[in-house]
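Working through the structure, step by step
Below are the chains, spelled out letter by letter.
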Amino acid sequence: MRGKRYVLLPGLFLCLIGGTLAFVCGWFSGEPITHWRSVGSWTKDVVYQPWGWEAVNDNRRPKISEQPALKAIIPLGHRAVPVLFDTLIEYPILYGTNYFREKIRWVQWKTANFSLISEEPNVKQSIKQTKAGIVLMLIRKEDGGGVLPLLDAYDKAPMSYYADKNFRPWLCIREAVAISPDRASEYKEDLLTELGTTNQMIRAEAASALGLFPGFFEELIPKIISLERDKNVYVRLSAYKAHAYLVTNLKIIDPQLLRSLEHILTDTSLDETERSGAAQSLQLLGAGAEEALPILKSLTTQTNRSIRGSSYIAIRLIEKAINKEKGNKANKQ
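Residues numbered from 1 in each chain as written. Predicted model: local features only at pLDDT ≥ 70, side-chain atom pairs only at ≥ 80, totals over all residues. Heavy atoms only, no water.

**Observations concerning the pattern of salt bridges**
Counting across every chain of the model gives 16 salt bridges. Between Glu175 and Arg174 there is a salt bridge, and its shortest N-O distance comes to 2.7 Å. Judged by relative accessible area, which is 0%, Glu175 ranks as buried. Residue classification places Arg174 among the buried residues on the basis of a relative accessible area of 3%. Between Glu186 and Arg183 there is a salt bridge, with the nearest N and O atoms lying 2.9 Å from each other. Residue class for Arg183 comes out buried when judged on its relative accessible area of 10%. Connected via shared salt-bridge partners are Arg140, Glu142 and Asp143. (Salt bridge = Lys/Arg side-chain N within 4 Å of Asp/Glu carboxyl O. Buried < 20%, exposed > 50% of the residue type's maximum accessible area, 1.4 Å probe, protein only.)

Encoded structure:
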């Protein structure tokens, strides 16, 4: 009897270890398994730069050949696409969500007139979805990857009760271009195609992403300038941001862009979305927007919180860029 116990206990221990390992590696998820791990498990290991417009010029991302996660998932091709797509269209989860909080949130959503609990996005879910979007971008187009399925997922992704969607296509596209620059032309062509859709949200995302392709400046700038006159305010603002990104990336001075943004800031007939968006575009110009500082400072006394806040941030970032430029000049002398 004692001998059987000695055999049984190690066996149970090994089963426990094996079950734990299988759970961690995602073997019970029903997802495709590669190199002993599921697609979702591998996706957690994808490396990307954090959110921030200022991170565009930082091209230190590990390439596909340097990332075990990408090397494992991308060869799966069309088998991995449904898993990644489903991850992108998950319902937004909030911090501390449980059954009772979810019921309270449902009541809040139905009434829409009061708030019992604070609505905060789940950062972990946002990071997971961003990584899934990057991998989806890097899968070959013929296998169902690229720009088009990413924007389709963004269109179908539910909007959180508190505000927006959990991931931004712009960030996924930025990372894909940096990790796999040889596909930049393909991404650019698909974005231009998406500009023809009637879905204004997708058009705005596509317009914004055009600023990530400085190598196609001569081709893209006329299209971006035409989008700055679009009927939809969000498309216009996305085009201004793309324009600002391109000229900043290429260190080009564009007085006309500066004039246009200053005009939007001072035009009180425009709504707060457009005026605060113009301030956000100015901050992208960095030191090149120095002459707009007096206008921005005058807007810090505005009663509108959105315009006032955007102006404060723009002033801080522009002055930071100016000081950095002065410091660089001093070091060279």
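On we go from here.
**Focus: the confidence of the model for the protein**
Close inspection of predicted coordinates is inappropriate in any region flagged by low pLDDT. Averaged over the protein, the pLDDT score is 82; the fraction of residues at 70 or greater is 77%. The element-level mean pLDDT for the protein is lowest in helix α1 (residues 2–24), coming to 50, with helix α9 (residues 184–194) highest at 96. A low-confidence stretch, residues 18–28 (pLDDT under 50), is modelled with 14 contacts involving residues beyond four sequence positions or located in other chains. Per-residue pLDDT stays below 50 along residues 113–119; that stretch engages in 16 contacts with residues further than four places along the chain or on separate chains. (pLDDT = per-residue confidence, 0-100. Helix = DSSP H or I, 4+ residues; strand = E, 2+ residues; numbered from the N terminus. Contact = heavy atoms within 4.5 Å.)

**Focus on the layout of surface pockets**
Within this model, the second largest pocket holds a volume of roughly 570 Å³. If you trace the second largest pocket, you find 21 residues lining it, with Arg168, Glu205, Tyr234, Ser238 and Lys241 closest to the centre. When contributions to the lining of the second largest pocket are tallied by element, the ones reaching two or more residues are α10 (200–209), α12 (233–249) and α14 (272–284). Residues of the lining of the second largest pocket, tallied by class, amount to eight nonpolar, eight polar and five charged. (1 Å grid on protein atoms, 1.4 Å probe; cavity = no way out; pocket = protein on both sides within 12 Å on 5 of 7 lines; lining within 4 Å. Points joined across faces, edges and corners; volume = space filled by probe spheres on them. Nonpolar A, V, L, I, M, F, W, Y, C, P; charged D, E, K, R; others polar.)

**Considerations on empty space enclosed by the protein**
This structure, assessed with the given rule, holds one cavity of 30 Å³ or more. Taken as a whole, the largest cavity spans an internal volume of roughly 40 Å³. Together, Leu88, Glu90, Pro92, Gln129, Ala157, Pro158, Lys165, Asn166 and Phe167 line the largest cavity. Tallied by class, residues from the lining of the largest cavity come to five nonpolar, two polar and two charged.

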